[in-house]
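# Structural features, examined
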Amino acid sequence: MKVLVTVKEVAEVADDFEIEGTEVGERYLEYDLNEWDDYAVEEAVQLKEDGPADEVVSVTIGPERADETIRMALAKGADRAVRVWDDALEGVDLLDVETKTNLLAAVVEEEEPDLVLTGVQAGDDAFGATGVSLADEIGFQWGAVVNALDFDADEGVASVHRELEGGVEELTDIDVPAVLTIQTGINEPRYASLRGIRQAQSKEIAPKTLADIGLDADAVESDLTMTSMYEPESESDAEIFEGDASETAGKLAEVLREKGVAQ
Amino acid sequence: MTDVLAITEHRRGDLRDVSYEVITAGRQLADESGGDLHLAVISGNATGFADDLNREGVDYVHTVSEGEEFNHDVYTQAIEALHAELDPEVVLMPNSVNGLDYAPAVANRLDLPLATDAVGIEYGDSLTVTREMYGSKVETTVEVGGDQQAVTIRGAEWSAAEGVGDAEISEFEADIDTDTGSRVTGFEEVGGGDVDISDAEFLISIGRGIEEEENLPLIEDLVEATDATLSSSRPIVDNGWLPKNRQVGQSGKVVTPDVYLAIGISGAVQHVAGMKGSDTIIAINTDPNAPIFDIADYGIVGDLFEVVPELIEQFE
Ligand SMILES: Cc1cc2nc3c(=O)[nH]c(=O)nc-3n(C[C@H](O)[C@H](O)[C@H](O)COP(=O)(O)OP(=O)(O)OC[C@H]3O[C@@H](n4cnc5c(N)ncnc54)[C@H](O)[C@@H]3O)c2cc1C
């Protein structure tokens, strides 16, 4: 069985930052592997270690810089990686779900995986929709927000727990081929070992343009246009305690005593 | 005329709050666009729910009886059929866990542009959606083009529709294939155990700001010194540092203590969903822009490793 795991390099915003147009200024951004994808990678690698999977391929959409992120997936045990990027994507400020679906569907067509794992959402744009949209596009079954997976290779069934709201989990059997969107907490993502990091250097990261995967610029035409970005106006009327740690702690202690919760 | 089709949600026999919130959001859109508000309730006791969903502002309620519990294939097919029949401008769906399990498929199948987790919507010359990015640090407005669109709305952002409406209620007959590739086999409650944090009067809640498990005893000392109950955000539980029954939030517990002291917690929407009903909210965070300060009554912009030891001293 082949597992395809999608990973995304996400941007994290510094505590203090400035918005320039419809973007956060580049110097305030730090890039990292998307938190949810880290768990998806781990789940894929465990499927390989436990037997059902023979190969784990990781795919990302991103510029050359994203190689750094995808190397983390390789260092943790993915066998090889595909990175899709194209000049046509350079100027797009919001990669919408449809675009990502088109690009990933084309990669699925080439790779023919049995199982696709994605993160539930990306920490930056937080659409939370790509996995399920992709599943529908490629005609796979799917399950969203999966926090437990028991894979029966003989039956071709993934028995999953979907984490609903309020401490309730739904138990579902899903026929493979399928796309599962992976929730944090499903496993304990490993740290990349030094050996893994060294090995990752020699693993293949295949860069692909739109043409390489049989698409043209139409595939990245989006109906979504970001028209503004701003810091949300705080409706807060919070009283912020001023002073050094001992002063602020003193004032906080006073409030706690006043409220009668601590003596 | 531009109609809106809003999809409701129920689980294990009960309508969920967001069902009344999509009515409010849908009515607002329908008013702005001069159309009708159609509501759909799919599976389970669909016909039984219809009366309760007939609230002020609803023009039509369509019930689809196929399916017992939620199944994304049934939902997707039902909405596809409703869309073909009603030809609405906008399909509104909840950005709930189940919404995330069918809305993207609906949008893809109907070839609709999709904007998820909307915290604001506006229908002017075109549809504009307000969304957050980077863990609520920035807000964006997004113009959603095309002739028809799909939007999922964040829970608790719109008020629940009230009153009794005079909607036309009818059974919608859709040709649905229930022999689907995914089958719900049951439900499981998680997070029982030693303490019930939803009973606590004073919760001290710890988040990823603690950095390492080795730092947890510092917070436990504070909990002991103040006779509080310890809870946490999700990453602490994901890391296995505290059991699941301590998790506050959308997928954890909803808590309503007298005082909620959030230490090193950013205030992500799924966390806030579980604690915003607390009487008094206090936050300690190094980031003055952390969203937790938006809902806090008191705050300290500072390093927990400096503030917490001082606080412990206050109570020893
Ligand atoms: C479907 C779904 C369901 C979810 N359910 C839940 C849920 O039930 N509960 C939940 O909590 N989350 C839930 N989440 C996760 C949620 O999106 C966030 O990832 C999570 O709440 C973040 O936790 P945090 O605030 O502890 O960490 P972070 O967001 O990483 O915030 C850490 C904070 O600590 C501050 N900090 C760092 N160092 C210090 C220091 N030395 N002193 C003081 N402050 C410091 C930082 O400024 C930052 O604000 C869910 C997500 C999804 C997608």
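Below you will find a few notes about this structure. Just so it is clear, the structure is predicted and the values come from calculations on it, not from any experiment. (Residues numbered from 1 in each chain as written. Chains lettered and ligands numbered in written order. Predicted model: local features only at pLDDT ≥ 70, side-chain atom pairs only at ≥ 80, totals over all residues. Heavy atoms only, no water.)

## A few points about the overall build of chain B
- A count of helical and extended segments in chain B gives nine helices and 18 strands.
- With the C-alpha coordinates of chain B rotated into their principal frame, the extents come out at 70 × 45 × 35 Å.
- Across the 316 residues in chain B, those meeting the buried criterion constitute 60%.
- For chain B, the exposed area adds up to about 11800 Å²; of that, 39% sits on carbon and sulfur atoms.
- The average position of the 16 basic charges and that of the 63 acidic charges among the side chains of chain B differ by 5 Å. (Helix = DSSP H or I, 4+ residues; strand = E, 2+ residues; numbered from the N terminus. Buried < 20%, exposed > 50% of the residue type's maximum accessible area, 1.4 Å probe, protein only. Areas by Shrake-Rupley, 256 points an atom, 1.4 Å probe, with all protein chains shown as cover. Lys, Arg positive; Asp, Glu negative; His and termini not counted. Charge placed at Lys NZ, Arg CZ, Asp CG, Glu CD.)

## As for the sheet that holds strand E4 (residues 37-42) of chain B
Residues and elements named next belong to chain B.
- Strand order across the open sheet formed by seven strands is E7-E11-E6-E1-E4-E5-E12, with parallel pairing between neighbours. Of all the strands in the sheet, the pair left with one neighbour each is strand E7 (114-118) and strand E12 (168-171). Neighbour to neighbour, the strand axes of the sheet diverge by 20° on average, direction disregarded.
- Inspection of the sheet shows E4 paired to strand E5 (residues 60-64) by five bridges, in the parallel sense. When the bridges of E5 are listed, Ile-42 appears paired with Val-64.
- Strand contacts of helix H2 (residues 46-53): E4, E5 and E12, with the helix running at about 165° to E5, the strand carrying the most contacts.
- Most of the contacts of helix H3 (residues 72-86) go to E4, to which it runs at about 155°, and overall it touches strand E1 (4-7), E4, E5 and strand E6 (90-94). (Pairing = 2+ DSSP bridges. Axes fitted to C-alpha atoms, helices over the stretch in contact; angles between N-to-C directions. Contact = heavy atoms within 4.5 Å.)

## Examining the sheet that holds strand E14 (residues 202-206) of chain B
- One open sheet holds the six strands; their spatial order is E15(A)-E18(B)-E17(B)-E16(B)-E14(B)-E15(B), and the pairing between them is parallel. The sheet is open, and its two edges are formed by strand E15 (239-240) of chain A together with strand E15 (229-232) of chain B, each paired on a single side.
- Pairing between E15(A) and strand E18 (residues 298-301) of chain B: two bridges, direction parallel. If you follow A:Ile240 over to E18(B), its bridge partner there is B:Gly299.
- Each of E14, E15 and strand E16 (259-263) of chain B is contacted by helix H5 (residues 216-226) of chain B, which is oriented at about 170° to E14(B), the strand it contacts most.
- Along the sheet, helix H9 (residues 304-315) of chain B contacts E16, strand E17 (280-285) and E18 of chain B; its crossing angle with E16(B), the most-contacted strand, is approximately 140°.

## Some points on the site of the ligand
- Around the ligand there are 28 residues in total, and B:Ser233, B:Ser251, B:Ser266, B:Gln270 and B:Asn285 lie nearest to it.
- More than one chain approaches the ligand, the contributing ones being chains A and B.
- At 2.7 Å from a nitrogen atom of the ligand is found a side-chain nitrogen or oxygen belonging to B:Ser251.
- Between an oxygen atom of the ligand and a side-chain N or O atom of B:Asn285, the distance comes to 2.7 Å.
- In the complex, the protein chains occlude 87% of the 990 Å² of accessible area that the ligand would expose alone.
- Every element with two or more residues in the shell around the ligand is listed here: helix H6 (234-238), helix H7 (269-275) and H9 of chain B.
- Residues belonging to the shell around the ligand are distributed by class as follows: seven nonpolar, 17 polar and four charged. (Near = heavy atom within 4 Å. Polar contact = N/O pair within 3.5 Å; in protein donor to acceptor, adjacent residues only side chain to side chain. Nonpolar A, V, L, I, M, F, W, Y, C, P; charged D, E, K, R; others polar.)

## A closer look at the packing of H3(B) against helix H4 (residues 99-110) of chain B
Residue and element names in this part refer to chain B.
- Relative to each other, H3 and H4 sit at 40°, their axes nearing to 9 Å. In terms of orientation, H3 lies oblique with respect to H4. As H3 packs across H4, the resulting crossing turns out to be right-handed. For the pair formed by H3 and H4, the contact residues are His-72, Tyr-75, Thr-76, Gln-77, Ile-79, Glu-80 and His-83 on the first element and Asp-101, Tyr-102, Ala-105, Val-106, Arg-109 and Leu-110 on the second.
- Its residues placed into classes, the contact of H3 with H4 shows six nonpolar, four polar and three charged. (Parallel < 35°, antiparallel > 145°, perpendicular 65-115°, else oblique. Left-handed = near helix turned anticlockwise from the far one by under 90°.)

## Considerations on the interface of chain A and chain B
- Of the residues lining the interface, 82 residues belong to chain A; the matching set on chain B comes to 82 residues.
- With both sides pooled, the region where chain A packs onto chain B buries about 7100 Å², and carbon together with sulfur makes up 53% of that total.
- Our count for the chain A to chain B interface comes out at nine salt bridges.
- For B:Arg234, the salt bridge goes to A:Glu163, with nearest N and O atoms at 2.8 Å. (Buried area = accessible area lost by both parts, 1.4 Å probe. Salt bridge = Lys/Arg side-chain N within 4 Å of Asp/Glu carboxyl O.)

## Thoughts on the pattern of salt bridges
- Evaluated as defined, the whole model comprises 35 salt bridges over all chains.
- With a shortest N-O distance of 3.7 Å, B:Asp101 and A:Arg162 are connected by a salt bridge. Linking B:Asp101 in helix H4 with A:Arg162 in strand E10 (residues 157-163), this pair reaches from one chain into another. Summarising the burial analysis for this pair, B:Asp101 and A:Arg162 share the class buried.
- With a closest N to O distance of 3.1 Å, A:Glu163 and B:Lys244 form a salt bridge. Placement of the pair is A:Glu163 in strand E10 and B:Lys244 in the loop between H6 and E16, with the two residues belonging to separate chains.
- Residue class for A:Glu163 comes out buried when judged on its relative accessible area of 3%.
- Where salt bridges share partners, they join A:Lys2, A:Glu55, A:Arg80 and A:Glu111 into one cluster.

## Observations concerning H3(B)
All names here are of chain B.
- Along its 15 residues, H3 runs 21 Å from first to last C-alpha, staying within 8% of the 21 Å computed at 1.5 Å per residue.
- The buried fraction of H3 amounts to 11 of the 15 residues, a majority that puts the element mostly inside the structure.
- All of the buried residues in H3 are His-72, Asp-73, Val-74, Tyr-75, Thr-76, Gln-77, Ala-78, Ile-79, Leu-82, His-83 and Leu-86.
- Looking at where H3 begins, the residue whose side-chain oxygen comes 2.8 Å from the main-chain nitrogen of Asp-73 is Asn-71. (Expected span 1.5 Å × (residues − 1).)

## Some thoughts on the environment of A:Tyr28
Residue and element names in this part refer to chain A.
- Looking at the element boundaries, Tyr-28 is found in the loop between strand E4 (23-24) and strand E5 (29-33).
- Note: C-alpha distance between Tyr-28 and Val-13 (15 residues apart in sequence) is 5.8 Å.
- In this structure, Tyr-28 is in contact with Glu-12, Val-13, Ala-14, Asp-16, Phe-17 and Glu-18, ignoring residues within four places of it in sequence.
- Reaching out from Tyr-28, the side chain makes a polar contact with the side chain of Glu-18 at a distance of 3.1 Å.

## As for unusual backbone geometry
- Here the bond from A:Val176 into A:Pro177 is cis, since omega is 10°, no more than 30 degrees from zero.
- Here the phi dihedral of B:Asp111 falls at roughly 55°; this positive angle occurs in a residue that is not glycine.
- Residue classification places B:Asp111 among the exposed residues on the basis of a relative accessible area of 57%.
- In this model, B:Ala156 sits at a positive phi of 65°, which is unusual for a non-glycine residue.
- Tracing the chain through its elements places B:Ala156 in the loop between strand E11 (149-153) and E12.
- Overall, B:Ala156 belongs to the partly exposed group, its relative accessible area being 47%.

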